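Here is what each chain is made of, one letter per residue.
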Amino acid sequence: MKTVFRKEMADHFSSIRVFIMFLLTLFISGLALFAAYQGIRGTGSGGFVFLRLFTTQIPDFPFAFLLIFGNFNALFFIPIIGIILGFDSINSEQSGRTLSRILSQPIFRDSVINGKFLASIATLSIMIVISVLLISGFGLRLIGVPPSSEEIIRLFLYLVLAIIYGGFWVGLAMLFSVLFRSTATSILFSLFVWIIFSFGVFIVALAVPAQTSSLLLQFSPNWLFALASGVLMQPQLGAGIVLELVSSTIQPNPLSLGQSLLLVWPHLTLLVSITLICFAISYIVFMKREIRST
Amino acid sequence: MRKARLVFLCLCLLSLLALIPSGLVLAQEEEVEEVEVEEDVTLEATYRKLEDSYPGISFEYEVALSYTGPEYGSSREFDLAVKAPPDWSTYITPQYGDQRLLSIPLKAGMGSSKIKVYASPPTFTMPEAGEYSITLDATSDEVSGSVELLAVITATYAFNLIPVNDLYSTSATSGKDNFYSIVIRNTGSDTLENIKFSSIKPEGWSIDFSPEQIDELSAGSLQTIDVNIKPAAKAIAGDYQITLAADTTRVTEEFKVRVTVQTPSIWGWVGIGIILVVIAGVVFVFMRFSRR
Amino acid sequence: MSLSAAVETSGLSKAYDGKTVVDNLRLRIAEGEIFGLLGPNGAGKTTTILMLLGLTEPTSGTASIYGHNPTREPLQVKRLIGYLPENVGFYDNLTARENLQFIAELNGIGEAEADARVTELLDAVGLHDVNDLVVGKYSKGMKQRLGIADVLIKRPKVAILDEPTAGLDPEGINQVLDLITGLPEKGAMVILSSHQLYQVQKICHRVGIMSQGKLVVEGALDELGKKVGGGTRYQIEVETTEPGIRAIAIIKKVKGVIRVETKGNMLLIGTNSDLRAEISKAMVNNNLPLIQMRIQTLTLDDIYMRYFKEG
Ligand SMILES: Nc1ncnc2c1ncn2[C@@H]1O[C@H](COP(=O)(O)OP(=O)(O)O)[C@@H](O)[C@H]1O
Ligand SMILES: [Mg+2]
């Protein structure tokens, strides 16, 4: 598995595709940072100043939310990166006729799929970590306020969350890459699911009664991620965003770290489980599959 | 004064009478009385004594002048002059119109002409509270008259609060002491007592004044106050607005200052450090994993 | 067959959706052999190979590679077998060297050792000059030779080559076959599948012919004709106007005739030597009209054609 992992990493880091994604990551981080900087300067010292770097938007700017790192960028770009890293992992080997050659080597079959999955996750994690660290570094320079230990913990948890979220998309894309022989089909299906989860689910949720919609939304990883990252990164919003309390005009109390954790726990486990389900399906299908080079 | 004049007039008449034979005097008396009308000018203020309705405002008096002379309808030009305490500014205008008058023609026996006398106390270093006398004289050769006007100045309490050198913006490092100076000047007419300083500031900031309080500031004098602006340790870099204020029991003055918060450079360096580490990390990752 | 069988199958069968693709296959292949698994397209050769490798599970029956069961001990089996898939593919973005190094690494071969082996093998297959070229730029023949290097990098005891010559030009075929011929010296027995007769004829010690999933004939090349022809080396075909019991009896009396069959106007005579003179003499002596006579040596080609036609 180590060998496969290393080879996949080498593939990723030698490929133009990943390089472009790196540039994209840098670009997005820069934009998000710029937006945060515009919105954050001179806004005092209250609350989680450092986290605000990731959640502040440019005031009075149309579509400003598009530039927020914490919610929007991560929510939308992590899936894309995950999909790109996963959609052709198995079927490209199949169409390149390398798979049967690899599988006739004395390795367990699952180490191929595991190594690929882990390499994609690792690449994705490196990108996310770089992005967060860059924003932190530049942000620190710009606002000059160091993060508190709680903020560091929150940021770390957010990273874990983002990586799990990315893991779901890698797993999903890999599932399609196992199920479909053609890379075009698998990327189409992945993007289709992405659109469904990003937009479709919300449209449907609006159409059906509230009870059903909240249940429905629980199955959207995007929704889970958005909620959990909200709780982690914007504790000042209070528990309302998760518990759907009757919204009041009273400013809610910020959540403590423990409370935040307690609140995101179900989301985190749900996210982990759907990721694992995805991976397990591709795993089982791949393990049972007869590998022919024709 | 008028009495004195009447007495004087009577004395003159009596002495004239003593010179003339009594029979003739009796016969002539009525005639003489008619002819021998003394030339005179009288000045009469509608309201003689005024109080300032507002500190520093100018006093406005209406004065009626009437001239009595031997020849009915004869005109005579009178020079007008106002005597006021030093540093007061004064001028005279007609009742309607804004010409500045230095003299006025009056016609004998033709009623009175009204003029206005304006007197403004000095604005800086306001005169102390009290009664000030302003005299308006109308003079034409030996004929003269005058009226004394009274201006009562009440005590005013006013001061100016401004930054030294008019710097309405300053910069400060978060979590550090940053000095800034303001000047207070007593522009009222009386001593100000117990001036306290205060500020409106963002959360977590501290703003200290030294001295914290001024017990007495006499009219017209000024004092510099050092202000120590210390932004919150976690204040985000950027522009903030603070308000500095001084109050006495009677007056309050305040102004706003823009404070550009700079952050301690150490965090800037830490930030740069993180960025460098990230870049090194990326390079390392690419070198470690890439084939080329 | 005299040696202990290194690769053995018994009753090996595979059915897809109830359609039997490999039917009750029994193979015994000894160490040091080059064994040709032949048959037309769709005969079940690849399926058999996949079962030997444990890449697909047999429906019934077992295979054994040096005593290991591919289904139950896939790792041991894969350690022993070097497999060249039909239409082998490499990572086009890697060089030949990197491709081989990766496989070496998957086999747990140390870096220095792997380097030495890669260099040696690239030399051996004549790709030394292009070893730093990405495989995407290789010709089909170069890839096939690289494939053989790829098989050998792990020093297998069994090399299984699926259609190693398919799609190559004659020169390429010769290069590949030369390489294969040298394999037993390197300690690897070879199982190669092909539907191309002449190559097999040249280099195989033994062949097995598959048709519709069944192994129809198996053996050394020179034995093969006999087996197919019912145990004789030659088949003499005699056309006569009176085929019948009398004709058969007459011919059977000729010394050396092993078997006689009739097929329409033809008499099919199995012999182990050229008995045309004797047979014609006997026929003439017994007033049997002889219209035409032809002798056939049963070559692999005939056998092959025969099963092709049937298949
Ligand atoms: N996955 C499959 N499902 C159904 N039939 C299959 C499958 N794979 C192969 N076959 C059939 O099995 C037969 C044997 O195929 P194969 O072993 O590849 O033949 P070849 O001798 O040409 O290598 C063919 O008829 C093919 O159609
Ligand atoms: Mg085949």
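The rules behind each value
Residues numbered from 1 in each chain as written. Chains lettered and ligands numbered in written order. Predicted model: local features only at pLDDT ≥ 70, side-chain atom pairs only at ≥ 80, totals over all residues. Heavy atoms only, no water. Contact = heavy atoms within 4.5 Å. Buried area = accessible area lost by both parts, 1.4 Å probe. Salt bridge = Lys/Arg side-chain N within 4 Å of Asp/Glu carboxyl O. Helix = DSSP H or I, 4+ residues; strand = E, 2+ residues; numbered from the N terminus. Nonpolar A, V, L, I, M, F, W, Y, C, P; charged D, E, K, R; others polar. Domains from an automatic or database assignment. Polar contact = N/O pair within 3.5 Å; in protein donor to acceptor, adjacent residues only side chain to side chain.

Before going further, it helps to spend a moment on the interface of chain A and chain C. Facing 25 residues of chain A, the contacting portion of chain C comprises 30 residues. In total, chain A and chain C occlude about 2,500 Å² of area from one another, counting both sides; carbon and sulfur atoms represent 57% of this. Inspection of the chain A/chain C interface yields two salt bridges. In this structure, C:Glu105 and A:Arg6 form a salt bridge, with 2.7 Å as the shortest nitrogen-oxygen distance. Elements with a contribution of two residues or more to the side of chain A that touches chain C: helix H1 (2–14) and helix H6 (99–103) of chain A. It is H1(A) that contributes the most residues to the side of chain A that touches chain C, five residues altogether. For the side of chain A that touches chain C, a count of residues per class yields seven nonpolar, eight polar and ten charged.

This paragraph deals with the domain arrangement of chain B. Residues and elements named next belong to chain B. Along its sequence, chain B is carved into domain 1 (40–154) and domain 2 (159–263). Summarising the inter-unit geometry, the C-alpha centres of domain 1 and domain 2 are found 46 Å apart. The interface of domain 1 with domain 2 comprises six residues on the first partner and four residues on the second. The contact between domain 1 and domain 2 buries some 410 Å² in all, and 58% of this surface belongs to carbon and sulfur atoms. Three residues, Phe124, Thr125 and Met126, lead the burial of domain 1 against domain 2; their summed loss comes to 74% of the area buried on that side. The tally of links between domain 1 and domain 2 comes to zero salt bridges. The interface formed by domain 1 and domain 2 holds zero residue pairs in polar contact (both at pLDDT 80 or more) in total.

Now for the domain arrangement of chain C. Examined at the domain level, chain C breaks down into domain 1 (5–225) and domain 2 (230–298). The C-alpha-based centres of domain 1 of chain C and domain 2 of chain C are spaced at 44 Å.

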